[in-house]
Amino acid sequence: MSKNPFSFYDFLGYLFPGMVSLFLIIFVTHLKELYGSDIPIEKYFSLTEFLKAVGSVSDFKWWEFVIIVIISYVLGHIVSYLSSLIVEYFVNRIYGYPSYYLLHSTKEMNLEQRLKKYFEAKRRTGVFRAVVLFVIRLVILLVMLPMLVLLIFKEISWFITRPLDAYIRDSIQRKLTNLSKTLDLTLPDVNSETDYHRIVMHYVYLNIPNSQRKADNYVAIYGFLRAMTLIACLFFIYLLYEQISIIELCGQINWPALGLLGAMFILCNVLFMGFAKFYRRFTLENYMALLTEKESKQ
């Protein structure tokens, strides 16, 4: 299948998040220069201040556009990589892989149980490695702080991890068994952490061309939402830190600041839920493509 040098994923997964990150950095730097360390939170949401920071697009020269695109594209790669290490790692540790919970009924867990699962280390993990992993996971958890509210509601967790119906699950399991025989591979155990879905994904992409476009779209969308979730969470943490640092114990409650923080909090969760949705859909698309493949190819 021929590919364009610049794909849909390059735009959604790299260029756009990179450009958002670049403009946010320029914008925050601009506000720091104007207001110092005491920046009113409403200024972060001011379109007028933003246009002053980035300048009018019509005033840019062609070579400035080229530089912005290149920097945004490179920065987008960094953001995408970090989002895979943080956002995707977080959702997989908390909820498990979609390739697993789509085919298996998972038990309901409360916030304490999911956090215990998140920090759980393997039995044979050494003390030093266990400490390092704990610190890394703690940092990731702090970055994903807005998502903790989702863990309180079991209904939301169930919505993310809800399995397929029994008939579809059994049918897909039979197809997975047939695929392992076709490829002369050993089908891993149910409780194994083996990434068998990666094999399914490559098999489907190479052997079922009709599913390629939809799979590419899902990857682009969930990559975009994953990167935007990280950007939104980091911006929320930054704003939260800025507001905490200027709190006066005996002062009045800054309701506008709470409202704007609440709006950012909601945005973080909406983006995260969107990522979880398309992460699930991408996996489901591979399973359903394999399921509806004709037996003659098996």
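In the block above lies the structure referred to throughout.
Residues numbered from 1 in each chain as written. Predicted model: local features only at pLDDT ≥ 70, side-chain atom pairs only at ≥ 80, totals over all residues. Heavy atoms only, no water.

## Some details on the side chain of S180
As for its placement among the helices and strands, S180 is situated in helix α9 (residues 166-182). From its side chain, S180 meets the backbone oxygen of T177 in a polar contact 2.6 Å long. Once you skip the residues sitting within four places of it in the chain, S180 turns out to touch L185, L187 and Y196. (Helix = DSSP H or I, 4+ residues; strand = E, 2+ residues; numbered from the N terminus. Polar contact = N/O pair within 3.5 Å; in protein donor to acceptor, adjacent residues only side chain to side chain. Contact = heavy atoms within 4.5 Å.)

## Considerations on α9
Across its 17 residues, α9 extends 24 Å between first and last C-alpha, which sits within 8% of the 24 Å expected from 1.5 Å per residue. Looking at α9, one finds that the buried residues are I168, R169, S171, I172, K175, L176, N178, L179 and S180. Looking at the buried residues of α9, the elements they touch are α10 (196-207) and α12 (255-291). The opening residue of α9 is D165, an N-cap whose side-chain oxygen sits 3.1 Å from the backbone nitrogen of Y167. (Expected span 1.5 Å × (residues − 1). Buried < 20%, exposed > 50% of the residue type's maximum accessible area, 1.4 Å probe, protein only.)

## Notes on helix α3 (residues 62-95)
With 34 residues, α3 extends 46 Å from end C-alpha to end C-alpha; this agrees with the ideal 50 Å at 1.5 Å per step. At S83, α3 shows its largest bend, some 35 degrees. Within two residues after α3, G96 carries a phi angle of roughly 90 degrees, on the positive side. (Bend = angle between axes of the 7 residues up to and from the residue.)

## Considerations on unusual backbone geometry
Although it is not a glycine, D184 sits at a positive phi angle of roughly 60 degrees. When you line up the elements, D184 lands in the loop between α9 and α10. Residue class for D184 comes out exposed when judged on its relative accessible area of 68%.

## Quick word on the pattern of salt bridges
Counted according to the given criterion, the structure contains three salt bridges. Residue E49 pairs with K43 through a salt bridge whose shortest N-O separation is 3.9 Å. The buried category is assigned to E49, whose relative accessible area is 6%. (Salt bridge = Lys/Arg side-chain N within 4 Å of Asp/Glu carboxyl O.)

## Here's the deal with the nonpolar core
In this structure, F90, M144 and F272 are the most contacted members of the largest nonpolar core, which totals 72 residues. Elements represented by at least two residues in this core include exactly α1 (8-35), α3, α6 (127-143), α7 (148-152), α9, α10, α11 (212-245) and α12. Leave out the neighbours within four places in its chain, and F272 touches V87, F90, V91, Y95, M144, M147, L150 and T229. (Core = buried A, V, L, I, M, F, W, Y, C linked by side-chain atoms within 4.5 Å.)

## Side note on the state of the cysteines
A full pass over the atoms with the stated rule returns zero disulfides. A disulfide-free cysteine, C233 has its sulfur positioned 4.1 Å from the sulfur of C268, the nearest such atom. For C233, a relative accessible area of 0% translates into the label buried. Residue classification places C268 among the buried residues on the basis of a relative accessible area of 0%. (Disulfide = S-S within 2.5 Å.)

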